[in-house]
Amino acid sequence: MKVKAISFAVTEDRYGEAVDYFRRLTGVEPQEEVLEFPKIKVASFKVGDVSLRVMTPSGEGSHISGFLKRHGGGIVSVTLKGLKAGEYDVPLGEGGFLSPPFLEGAVLQIEE
């Protein structure tokens, strides 16, 4: 198993603080983009083979708004490669998602 990415959700008012924190922590300048779907702004920090991603809503109806309302921020997803997810009926290809109830809204993305 290999960790490919860890994504952190933060509120819009804390996005700059989070980006600066990870910039100092990693020593890497982020690649920033706004994704129309799922309406998020993302700063990606590539550290070796792993990406650390800071995400915040970029508009009404963002896919992480519910998570932020419930938790105020935190790890929203971890992307893993090399697991046997077939028993969970997860379509892989570009990545399937598992959302076990004990993760309280965070997801595991499983890739082939």
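What comes next concerns the included structure. (Residues numbered from 1 in each chain as written. Predicted model: local features only at pLDDT ≥ 70, side-chain atom pairs only at ≥ 80, totals over all residues. Heavy atoms only, no water.)

### What to know about the sheet that holds strand S4 (residues 50-57)
The seven strands are arranged S2-S3-S4-S1-S5-S7-S6 in an open sheet whose pairing can be described as mixed. Each end of this open sheet is capped by a strand with a single partner; those strands are strand S2 (31-35) and strand S6 (96-98). Pairs of neighbouring strands in the sheet enclose a mean axial angle of 25°, with direction left out of account. By the bridge criterion, eight bridges tie strand S3 (residues 40-47) to S4 in an arrangement that is antiparallel. Within S4, the position partnered with Lys41 by the bridge is Thr56. Where helix H1 (residues 15-26) meets the sheet, its contacts fall on strand S1 (2-9), S2, S3 and S4, and the angle it forms with S3 comes to roughly 5°. (Pairing = 2+ DSSP bridges. Helix = DSSP H or I, 4+ residues; strand = E, 2+ residues; numbered from the N terminus. Axes fitted to C-alpha atoms, helices over the stretch in contact; angles between N-to-C directions. Contact = heavy atoms within 4.5 Å.)

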